[in-house]
Amino acid sequence: DAVAEVGVDINASCTYDHRHGLLSFVPGLGPRKAAAIRQSLVRMSLVVSGRKELLAKRLVGPVVYNNAVAFLRVTEMTMEVHPLDNTRLHPDVYHSHNWAVKIAIDALELGEGQGGDKEDLNMKALKDVMEDSNNEVRRLYLATKREWEGHYGPTFNVAAWDPRINVPPDSWQDKVEELDLDTFAEMIEQRQEGRWLSHLLMIKWEFRLPFMDPRKPMEPLSGDKLFRLLTGESDETLRPGREVTGKVVRNGDFGSRVRVEGNIPGFIPIRNLADGHVDRDRIEEFASVGSIITAVVTEVKKDHMSVDLSLRMEDMRRPPSSWERPRALPPLDAHFDRGAAATVERERAKERDDRLAALSLSMGSTKIGGPEGGAGGQGGGAPDDPKKRTARITRRACAHPAFRNAKNDEVDKELRGG
């Protein structure tokens with residue numbers, strides 16, 4: 001379908017090996033016929049100067065020619081070619097019936113009394129009307145872009161602009177628009193020459209956009225788009241203030257490396273491991289390698305394909321509305337009820353604080369150190385004695401209502417018991 005939409009330059013596809021494969025996908029051809037055409041052109045050292053040569057030089061038969069010729073393009077390389085041989089128009093509408101030439105002459109109001117060679121006049125009329133229509137497309141494009149940027153700034157999407165859809169019919173001012181093609185088609189039908197309205201409309205659009213490629217031009221992968229394609233996350237699903245769960249994979253002198261959900265690399269700077277000061281030799285106490293932690297996103301670094309995280313309670317309790325809103329997201333509506341949103345945030349924060357408080361109590365009641373040592377280092381040892389910290393439970397800021405601390409045997413028993 002893509003080959004049929006954009007056509008194939010027959011000379012280029014037979015000259016360059018890397019483009020020869022396109023001929024096989026032309027409707028009406030195939031691998032065998034495409035290879036035969038190429039071999040014939042190479043053997044005769046021939047360059048196709050027009051679509052009619054395909055039949056005249058017996059490169060294809062009449063049936064194959066009729067089926068495939070509209071998808072084969074002949075561009076100006078070293079010789080002058082018919083201007084419509086590089087369009088989607090079938091030769092029937094400009095060679096057999098001359099409808100395209102008739103439309104071009106009527107649009108330019110040349111009449112029948114023009115002197116000179118008739119073939120040259122017809123070619124000139126086609127080129128002039130196509131140039132006029134191309135200038136009109138350029139004028140409409142610049143006008144649309146100027147109007148858009150006047151309202152919304154320099155955000156005009158060139159690839160999304162389609163003159164067939166985005167331009168109202170009454171905005172066209174080219175010469176071909178002045179013709180009444182419906183009446184012309186009725187006159188042809190009354191003369192018992194068939195129904196040609198769809199072909200006449202196609203002629204008009206090929207004058208304006210000859211073999212226009214409907215595919216959008218390839219855009220370079222920017223940081224935002226590349227991040228979305230590789231991670232599946234966007235500014236709506238992953239942004240500052242969002243809580244994520246990940247696994248600590250490595251600790252270093254400057255913080256902890258985490259593998260976040262979605263296999264996204266994350267980093268917790270040493271200053272964000274706790275509310276207070278954390279020494280480098282104590283990082284393992286707050287984020288031990290292999291442990292599962294829940295942290296809040298402080299920054300999304302799309303160019304580095306990573307996120308910065310925090311375990312500080314100050315960041316955990318920070319309301320979502322206080323975090324910077326990504327620019328890619330649409331701004332909040334002017335009638336957005338900020339008071340109601342703040343109320344909902346406070347209710348959620350209260351529920352979350354209650355769960356965190358319950359979690360802290362369950363952690364605080366756990367014995368650490370030796371049999372005589374209790375929580376807080378009571379029982380004969382200094383509070384900062386390394387021996388008393390070896391069994392310290394890593395704090396996890398998990399606010400899920402179903403979360404609770406449990407031993408491995410208890411969890412395994414519950415899972416096996418269904």
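Each chain carries its own residue numbering, running from 1 in the direction its sequence is written. It should be noted that, the model being predicted, local features are given only for residues of pLDDT at least 70 and side-chain atom pairs only at 80 or more, the latter also being counted only at that level, while totals for whole chains, interfaces and linings use all residues. No hydrogens and no water enter the side-chain calculation; it runs on all heavy atoms of the structure.

**Focus: the overall build of the protein chain**
Inference 1: Helix and strand labels come from DSSP, where a helix needs a run of H or I of at least four residues and a strand needs a run of E of at least two; each type is numbered from the N terminus. For the protein chain, the count of helices and strands is 17 helices and 7 strands.
Inference 2: Contacts are residue-level and defined by heavy atoms, with any inter-residue pair within 4.5 Å sufficient. Put simply, 61% of the contacts in the protein chain that link residues at least 6 apart link residues at least 24 apart.
Inference 3: For the protein chain, the exposed area adds up to about 26,100 Å²; of that, 51% sits on carbon and sulfur atoms. The Shrake-Rupley method, run with a 1.4 Å probe, gives the accessible areas here. Residue values count only the displayed protein chains as cover.

**Describing empty space enclosed by the protein**
Inference 1: Within this scheme a cavity is a closed region of a 1 Å grid, computed over the protein atoms alone, that accommodates a 1.4 Å probe without allowing it to escape, whereas a pocket is open but has protein on both sides within 12 Å along at least five of seven lines; lining residues each have an atom within 4 Å of a point. Grid points are joined across faces, edges and corners, and a volume is the space filled by probe spheres set on the points. All chains considered together, the criterion is met by 1 cavity of 30 Å³ or more.
Inference 2: Computed from the structure, the largest cavity encloses a volume of approximately 30 Å³.
Inference 3: Together, L29, I37, L54, V60, V64, Y65, A68, V69 and L72 line the largest cavity.
Inference 4: A per-element tally of the lining of the largest cavity places helix 6 (residues 62-68) first, with 3 residues.
Inference 5: Partitioned by chemical class, the residues of the lining of the largest cavity number 9 nonpolar, no polar and no charged. Under the grouping applied here, Gly and all other residues not named as nonpolar or charged are polar, the nonpolar ones being Ala, Val, Leu, Ile, Met, Phe, Trp, Tyr, Cys and Pro and the charged ones Asp, Glu, Lys and Arg.

**Focus on the packing of helix 7 (residues 99-108) against helix 11 (residues 197-208)**
Inference 1: Put simply, helix 7 and helix 11 touch, their axes get as near as 10 Å, and they point 60° apart. By crossing handedness, the relation of helix 7 to helix 11 is classed as right-handed. Judged by residue contacts, W99, A100, I103 and A104 of helix 7 engage L200, I203 and F207 from helix 11.
Inference 2: In the contact of helix 7 with helix 11, the residues fall into 7 nonpolar, no polar and no charged. All axes here are fitted lines through C-alpha atoms, helices being fitted over the stretch that makes contact, and every angle between N-to-C directions spans 0 to 180 degrees. Crossings are classed by handedness, with left-handed meaning an anticlockwise turn of the near helix from the far one by less than a right angle and right-handed meaning a clockwise turn.

**Quick word on helix 8 (residues 118-152)**
Inference 1: Taking 1.5 Å per residue, 35 residues should reach 51 Å; helix 8 reaches 51 Å between its end C-alpha atoms and fits that length.
Inference 2: The rule is simple: take the accessible area with a 1.4 Å probe, protein chains only, and divide by the maximum for that residue type; under 20% is buried, over 50% is exposed, in between is partly exposed. All of the buried residues along helix 8 are N122, M123, A125, L126, V129, M130, S133, E136, V137, L140 and Y141.
Inference 3: Looking at the buried residues of helix 8, the elements they touch are helix 7 and helix 11.
Inference 4: The positive-phi residue at the C-terminal boundary of helix 8 is G153, with phi of around 85°. Take the residue count of a helix, subtract one, and multiply by 1.5 Å to get its expected span.

**Details of the confidence of the model for the protein chain**
Inference 1: Confidence of the predictor at the level of single residues is captured by pLDDT, which takes values from 0 to 100. A residue-level look at the protein chain finds 84% of positions with pLDDT of 70 or above and a mean pLDDT of 78.
Inference 2: When mean pLDDT is compared element by element in the protein chain, strand 5 (residues 264-269) scores highest at 91, while helix 16 (residues 386-389) scores lowest at 43.
Inference 3: When the criterion is pLDDT under 50, residues 365-393 qualifies, and its contacts beyond four places in sequence or with other chains add up to 25 contacts.

**A few points about the packing of aromatic side chains**
Inference 1: Classification of ring pairs uses Phe, Tyr and Trp, with its six-membered ring standing for Trp, and accepts pairs whose centres are within 6.5 Å; under 30 degrees between planes counts as stacked, over 60 as edge-to-face, and the remaining range as tilted. A complete count under the given rule lists 2 aromatic pairs for this structure.
Inference 2: Here the aromatic rings of W172 and W205 are separated by 5.4 Å at their centres, their planes lie at 90°, and the arrangement is edge-to-face. Of this pair, W172 sits in the loop between helix 9 (163-166) and helix 10 (181-190) while W205 is found in helix 11, placing the two residues 33 residues apart along the sequence.
Inference 3: Classification of W172 by relative accessible area gives buried; the value is 7%.
Inference 4: The class of W205 is buried, set by a relative accessible area of 17%.
Inference 5: A cation over an aromatic ring shows up here: R208 above the ring of W172, its NZ or CZ 3.8 Å from the ring centre.
Inference 6: The positively charged end of R208 is found above the aromatic ring belonging to W205, 4.8 Å away from the centroid. Any Lys NZ or Arg CZ that is within 6 Å of a ring centre and within 35 degrees of that ring's normal is treated as a charge sitting over the ring.

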